[in-house]
Amino acid sequence: MNKIFILLGLLLAVLISNAQSKGKIPAQDFHLWVKLNDEKLASNGKWMSFRISNSTGKDTLLLLNTTNNQLHKIPNGKNGNFSLDANWFTYNSNDELIVIDLNNNSKRSFNNIKKTAFCEKSERVALLTKDSILHLHAKNQTNPKVFLNILDVAFNNKGDLALSSSKGIELLKKAETNPIFLTKSEKATKLRWDYSNQNLFYFEKTKKQKSTLVSFNVNTKKSEKIRENILDSLEIEMLSSRPVLTATEVNRSFVFAKSKANLQPTDDSLVEVWESLSPLQYQSQKELETSSGNPKMYTWDLKNNVLKKMVSDSLLRTFILPNRKYVLAYNPIVRGQLQYANPVVDYYLYDIKKESYELFLKSQSTAVGKLMPSPNSRYIGYFNHLGWNQYDFDSKKHNLILNEKFIVDNTYPENENLSCYGWTNDSKYCVLNISSNFWLISHDGKEKIKITNTNKTLINFRLVNEMHKNKKQFLNEEIAYKSIDHNKGIYLTAYNLDKTMSLYKWTKKKELQLIYKSNGKMAICSTDEQNKNILIKEETEQKPPVLIQLNTETKKIKILYKSNLQYTKYDTPKVELLSYKGTNGKSLNALLHYPMRYDNTKKYPMIVYIYETLSQNRYEYNFPTNYHATGFPLANYTNDEYFVLQPDIKYNIGDPGESILNCVMKSVESALETANIDFKRVGIIGHSYGGHETSLLITKTPFFAAAVAGAASTNMISDYLSLNEVTNEVKFWKFEMHQYRMGSNPFNNLESYINNSPVMNAQKITTPLLSWSGKEDGTVDFRQSVELHLALKRLEKKNTLLVYPNEGHILSNPKAQYDLTQKIKSWFDYYLK
């Protein structure tokens, strides 16, 4: 019996010893933690690639066979890509392009590649070098076929390859090994096929060595080109650097050209004239003086060899509709309502065939999701003050589909979002998000299908963009749209009440079905062609990210890769979800991160990190690093006997400062009641808007023992009346209708602007403040930090300001990241330890 007790005692001692062997992470081990990036799944679901990166900056590219788990590690590999047919994988290593045939794992490297072209139909890849050598690989082929003196290549949709050489244009058909001669052409470049695979477009030089466009018909062997006299009569130069956009109808294409006129802006060396009634400020207004010389899109009628500019010079922004028969255009200069981030403009509709345009919509928002054409271009849906409307090209009528009452009845005060996510592929339904609920609204408004019901479940849904991605590559001049097939299913991610995430699939027949319930946070990284296999990155607060493959039909999962396996050697983080009442008695949450090896018999310091709402990060894995872009790696602090609190903040429009004070202090009270925290050793930190919140909060309470504010707006009035130095745009919208939540301008609410400006209340600050900013910050001018610093300097209050030259809103230089991370830690250690 005694022997049994002795054995049990020994076993218990071993277990205790093992438990105690874990501890905090030594600083010299911080570099072991890596991030996962650029996760991609091949179209057949059989291969996956991703990058791992750590603080040393030495990335590793990984290629994994999801069937047999064979893993290829590629040190310093970058830009990994799968071909559409999943036969090839390419990546860059130093100055080389590496091509892997995924069917037999054969690998070849090439130098000085200037163009890579894949063809799904012929299972080939073409690699063109800068010294005009073409290497043409075929699936399972040991050696590539080599062609010399090749200038350019282009596959068509059938798998045929067009070649441009010093001899002219040749065609290598899908099943052939030798090309056939098509036509003479000197140095043809930028080869591009039209949709019919009949016309091949390319640029060549005129007698005066100017670029012009040629169209060659491979069936009739006839060509047409934009003649030099046409370019001269229009006083334009063709731009071969911009892509040719082919029309859906044969014998028409879109090209870019610029004026040959040498436009000179007004000489302002003596005086700059800033006009207050101009819709733009001086710098942008000055750019308009030469805007007529900017590249414009022209339509080329091949049949009649006529080149015409689309719309007028005054309509500076143009968007081609999906059927490429119409263009939407507007002038961003003629706008109203400067309190909005996106211009409110008059849209014009240009009929390409009739070569005419007319006023289409007055005072329409250009914000994303407020206007969307259907894939067949029969309808254009748009939100305005009346509700959701649709223009029908067949009837030439604007129809109100959802009136204001319907929208108001289905809108919750907490979320008044109205957005169009796109149309279904058959153009039968538009997909609308009204107050966080998804709806399918038929083109005639007769069907109104509510996909989600947030007000009952309190679950927040998002459309999974990766599973509705359009294969088509859009130019900036086209209106991009998603591929939403409601017959195959609409996929949504859900943010659950417990802060975990789930994946749902909606179909008309089965409605909303749960596909996968995560135990933490997840991201849909990539999917195969049929949305059958999905690559998911999943993590919890205690386990680093793992990559898993989910089969949406069987709902089975397979773990493909686990990162940061060294985490098991150290203590496990603990995060608690707190609840409290914030502004106007609303229920809010906060995340309380415990110190490693928390001992409830001793008191600990705490740092409060603030930025709007943060409880959605409940299951985010935090890892330690000495190189942080904003200087506050949370895990460094919990690893060093700190609590970290991340509260949610809800705001009252017009006076957000009081909301910040109320919510943060209520969350701190909740934390103090929950754990053994020393209320005399509590610090606060924030960056960007969080930096503004931090600076403002310490003017309202002396509670915090130390504070850090990064990239903070400190003077609401001077910031409101300043320009973004990167875009030269005004910031009115940012304060009135956006993040700063003032609800009006300072001329109508001066007192509130003063009350919410840290500079105007600097005399109330007693908390030692560390401020920092990037001197090239285009989001928040670093002078905002200087203003508060000078105010505190004059008041003889404790403030240190760190200004990083050549750095922006976040720090990108590893040396600067290291410096900031160490200085913030030293600041808190000095005042809180």
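**A closer look at the nonpolar core**
No. 1: Ranked by internal contacts, the top residues of the largest apolar core, which has 48 residues, are L592, M606, V608, L645, V664 and I684.
No. 2: Take this core: its biggest share by element is seven residues, from helix α7 (residues 656-674).
No. 3: If near-sequence neighbours (up to four positions away) are discounted, L592 is found in contact with K574, V575, E576, L578, M606, F643, V644, L645, A671, T674, A675 and I677.
No. 4: Counting 32 residues, the second largest nonpolar core, distinct from the first, contains V345, L361, Y382 and Y481.

**Observations concerning the pairing of strand β49 (residues 643-647)**
Within a regular beta strand, the side chains point alternately toward one face of the sheet and then the other, so they alternate between its two faces.
No. 1: Taken across its five residues, β49 has five buried, putting it largely inside the fold.
No. 2: Burial along β49 is two-sided: F643, L645 and P647 facing one way and V644 and Q646 facing the other are all buried.
No. 3: With four bridges joining them, strand β47 (residues 587-593) and β49 adopt antiparallel strand pairing. Residue pairing for β49: L592 is matched across the bridge by L645.

**Quick word on empty space enclosed by the protein**
No. 1: Under the counting rule described, the total for this entry stands at two cavities of 30 Å³ or more.
No. 2: Its boundaries defined by the atoms lining it, the largest cavity holds a volume of some 180 Å³.
No. 3: Together, 21 residues line the largest cavity, and E541, P573, M596, Y621 and N622 are the ones closest to its centre.
No. 4: It is helix α6 (residues 634-638) that contributes the most residues to the lining of the largest cavity, three residues altogether.
No. 5: Here the residues of the lining of the largest cavity are counted per class, giving 12 nonpolar, five polar and four charged.
No. 6: The calculated volume of the second largest cavity comes to roughly 40 Å³.
No. 7: Residue lining of the second largest cavity: Y609, T630, F632, I685, G686, H687 and W772, and that is the complete set.
No. 8: With three residues, strand β50 (residues 677-687) is the largest single contributor of residues to the lining of the second largest cavity.
No. 9: Within the lining of the second largest cavity, the residues separate by chemical class into four nonpolar, three polar and no charged.

**Some words on the sheet that holds strand β53 (residues 799-804)**
No. 1: Taking strand neighbours across the sheet as the criterion, the eight strands line up as β46-β47-β49-β48-β50-β51-β52-β53 in an open arrangement whose pairing is mixed. Only two strands of the sheet have a single partner each, and these edge strands are β46 (575-581) and β53. Ignoring which end each strand starts from, the neighbouring axes of this sheet average 20° apart.
No. 2: As defined by bridge partners, strand β48 (residues 604-609) adjoins β49 across three bridges and the pair is classed as parallel. Bridge assignment links M606 to a residue of β49, and that residue is F643.
No. 3: Contacts between helix α13 (residues 814-832) and the sheet are confined to β48, β50, β51 (706-710), β52 (769-774) and β53, with β51 contributing the most and set at about 160° to the helix.

**Some remarks on the pairing of strand β28 (residues 344-351)**
No. 1: Counting buried positions along β28 gives six out of eight residues, so the element sits mostly inside the fold.
No. 2: With four bridges joining them, strand β27 (residues 326-330) and β28 adopt antiparallel strand pairing. Across the sheet, the residue bridging to A329 is Y348, located in β28.
No. 3: Here β28 folds back onto strand β29 (residues 356-365) in antiparallel fashion, the turn holding four residues, of which E355 has a positive phi close to 55°.

**Comments concerning unusual backbone geometry**
No. 1: Positive phi, close to 50°, is recorded for D38, a residue that is not glycine.
No. 2: With respect to the helices and strands, D38 occurs in strand β1 (residues 35-41).

**Re the packing of α7 against helix α8 (residues 689-697)**
No. 1: Running from amino to carboxyl end, α7 crosses α8 at an angle of 85°, the nearest separation of the two axes being 10 Å. As the angle between them shows, α7 and α8 are arranged roughly perpendicular. Note on element contacts: α8 touches α7 through Y689, E693, L696 and L697, opposite P656, G657, I660, L661 and V664.
No. 2: Its residues placed into classes, the contact of α7 with α8 shows seven nonpolar, one polar and one charged.

**Some words on the confidence of the model for the protein**
No. 1: Residues at a pLDDT of 70 or more form 97% of the protein, whose mean pLDDT is 90.
No. 2: For the stretch residues 1-21, pLDDT sits under 50, and the model shows one contact to residues farther than four places along the chain or on other chains.

**Concerning the side chain of T714**
No. 1: On the secondary structure map, T714 appears in the loop between β51 and α9 (716-720).
No. 2: Among the polar contacts made by the side chain of T714, one reaches the main-chain carbonyl oxygen of Q784 at a distance of 2.6 Å.
No. 3: Residues in contact with T714, not counting those within four places in the same chain, are S695, S757, P758, V759, Q784, E787 and L788.

Cut-offs applied
- Within each chain, residues carry numbers counting from 1 in the order of the written sequence.
- Only residues with pLDDT of at least 70 get local features here, since the model is predicted, and only at 80 or more are side-chain atom pairs given and counted; chain-wide, interface and lining totals rely on the full set of residues.
- Side-chain numbers come from the whole structure's heavy atoms, not from hydrogens or water.
- Each nonpolar core is a collection of buried residues, namely Ala, Val, Leu, Ile, Met, Phe, Trp, Tyr and Cys, held together in the definition by side-chain atoms within 4.5 Å.
- Working definition: with a 1.4 Å probe on protein chains only, accessible area under 20% of the residue-type maximum means buried, over 50% means exposed, and in between means partly exposed.
- Helix and strand assignments come from DSSP, with helices taken as H or I runs of at least 4 residues and strands as E runs of at least 2, each series counted from the N terminus.
- What makes two residues a contact is simply this: any of their non-hydrogen atoms within 4.5 Å.
- Strands pair, by our definition, only if DSSP identifies at least two bridges between them.
- In this analysis, the protein atoms alone were mapped onto a 1 Å grid. Cavities are point sets where a 1.4 Å probe fits without being able to get out; pockets are open sets with protein on both sides within 12 Å along at least five of seven lines; lining residues have an atom within 4 Å of a point.
- Grid points are joined across faces, edges and corners, and a volume is the space filled by probe spheres set on the points.
- Amino acids outside the nonpolar list (Ala, Val, Leu, Ile, Met, Phe, Trp, Tyr, Cys, Pro) and the charged list (Asp, Glu, Lys, Arg) are all regarded as polar, and Gly is one of them.
- Every angle, taken between N-to-C directions, lies between 0 and 180 degrees, and every axis is a line fitted to C-alpha atoms, over only the stretch in contact when it is a helix.
- Convention used here: angles under 35 degrees read as roughly parallel, angles over 145 as roughly antiparallel, angles from 65 to 115 as roughly perpendicular, and any remaining angle as oblique.
- The quantity called pLDDT is the predictor's confidence in a given residue, expressed from 0 to 100.
- Pairing of N or O atoms within 3.5 Å defines a polar contact, subject to two protein rules: one partner must be a possible hydrogen donor and the other a possible acceptor, and residues neighboring in sequence count only if both atoms are side-chain atoms.

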